[in-house]
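Single-letter residue listing:
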Amino acid sequence: MQAFTVVGPGPVSSPVRRKTLAAPSEPPVITAGASTSSTSAWLSWQLPGPQFVNGLLLGYQVGLKELTDVVGEDSTEYELIHPKLMENTSVNVTGLQKYRRYEFVVRVLTQGNTRGEVLNSIWSVSVSLQTDEDVPEAPVNFSVAAVSSSSARLSWSSPLNSNGILLGYEMIGVSAAYILAENGDTVPLLQSSFVNSTFQFSELHNFADLSLLHPFCQYELRLQARTSKGLGSATWLVIKTQPSGQPNEC
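Small disclaimer: the values here were computed from a predicted structure and weren't measured.

The next thing to look at is the sheet that holds strand 4 (residues 41–46). The sheet built from 3 strands is open, its strands ordered 3-4-7 with antiparallel pairing. Looking along the sheet, the strands with just one partner apiece sit at the ends: strand 3 (29–35) and strand 7 (90–93). Within the sheet, the average angular offset between the axes of one strand and its neighbour, ignoring direction, is 15°. Pairing between strand 3 and strand 4: 6 bridges, direction antiparallel. Directly across from Ser-35, in strand 4, lies its bridge partner Ala-41.

Written out as structure tokens, the structure reads:
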């Protein structure tokens, strides 16, 4: 720079060079990703070439959203995972839902021209991952649909979260007792064939018919759903058959 007066030009100042900073012109590239459990996934990425960073590198942000099978139901926004600014080029994402599909993206952040200004690239090309299967939640609405002195029909609904591909149900007779007519108390019958009896049902079944029960008796059952990871949480039910004469051995 040089100043001029009527006398003439002044001295030339020393040159000053300053680079204008801009947002990164290319996003990171996700290089690998995998499910690590039913509630976590691992992701790694690499920085775009230095010529695309356009400033002082601050770190990275990772975004995710859950995917559904319903058209139009997927969110258009990504949720930032913690920490919201990370220096590493890989992360193990925890706290995910079991047996769910997620879409992951990464972007790079750099320092802007003014103090405190942060510039970011666009999101990277996404990667979709599905968390692993787990044991299912308990079946719901386990109830008695009909009961007589010698039979009962039971019904239930699938778990709210199967946490995998539902393979079927297992029902076990837990206890059997007859009911005392005078006060309604029960007396356990340890020799009952019902106790520890196991009933298997396919994933398409949501009912069971029990027969050869005895009048005026109380039966306790446990029902669980199954995935490839095993049996899940249990739900319990007590049924009481109708009286028919005197109480009999259950």
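Next comes the rest of the description.
Right, let's talk about the nonpolar core for a bit. With 20 residues, the main nonpolar core has Phe-142, Leu-154, Met-171, Leu-221 and Ile-239 as its most contacted residues. Counting only elements with at least two residues in this core, the list comes to strand 12 (152–157), strand 13 (168–179), strand 16 (207–210), strand 17 (217–227) and strand 18 (230–240). Of the residues forming this core, the biggest block, 5 residues, is contributed by strand 17. Setting aside residues no more than four positions away along its own chain, Leu-154 makes contact with Phe-142, Ser-143, Val-144, Ala-145, Met-171, Asn-206, Phe-207, Ala-208, Leu-210, Leu-221, Leu-237 and Ile-239. By size, the runner-up hydrophobic cluster in this structure holds 17 residues, among which are Ile-30, Val-62, Leu-64 and Leu-129.

It is worth spelling out the layout of surface pockets at this point. One number sums up the size of the largest pocket: a volume of about 210 Å³. Lining the largest pocket are 11 residues, and of these Ser-193, Phe-194, Ser-211, Leu-212 and Leu-213 lie nearest its centre. A per-class count over the lining of the largest pocket returns 7 nonpolar, 4 polar and no charged.

This part is about the pattern of salt bridges. Summed over all chains, the structure comprises 5 salt bridges. With a closest N to O distance of 2.9 Å, Glu-66 and Arg-100 form a salt bridge. Of this pair, Glu-66 sits in strand 5 (residues 57–67) while Arg-100 is found in the loop between strand 7 and strand 8 (101–111), placing the two residues 34 residues apart along the sequence. Judged by its relative accessible area of 30%, Glu-66 falls in the partly exposed class. For the salt bridge of Arg-226 with Glu-170, the shortest nitrogen-to-oxygen distance reads 3.1 Å. With Arg-226 in strand 17 and Glu-170 in strand 13, this pair connects stretches of sequence that are 56 residues apart.

Cut-offs and rules
- Residues numbered from 1 in each chain as written.
- Predicted model: local features only at pLDDT ≥ 70, side-chain atom pairs only at ≥ 80, totals over all residues.
- Heavy atoms only, no water.
- Pairing = 2+ DSSP bridges.
- Helix = DSSP H or I, 4+ residues; strand = E, 2+ residues; numbered from the N terminus.
- Axes fitted to C-alpha atoms, helices over the stretch in contact; angles between N-to-C directions.
- Core = buried A, V, L, I, M, F, W, Y, C linked by side-chain atoms within 4.5 Å.
- Buried < 20%, exposed > 50% of the residue type's maximum accessible area, 1.4 Å probe, protein only.
- Contact = heavy atoms within 4.5 Å.
- 1 Å grid on protein atoms, 1.4 Å probe; cavity = no way out; pocket = protein on both sides within 12 Å on 5 of 7 lines; lining within 4 Å.
- Points joined across faces, edges and corners; volume = space filled by probe spheres on them.
- Nonpolar A, V, L, I, M, F, W, Y, C, P; charged D, E, K, R; others polar.
- Salt bridge = Lys/Arg side-chain N within 4 Å of Asp/Glu carboxyl O.

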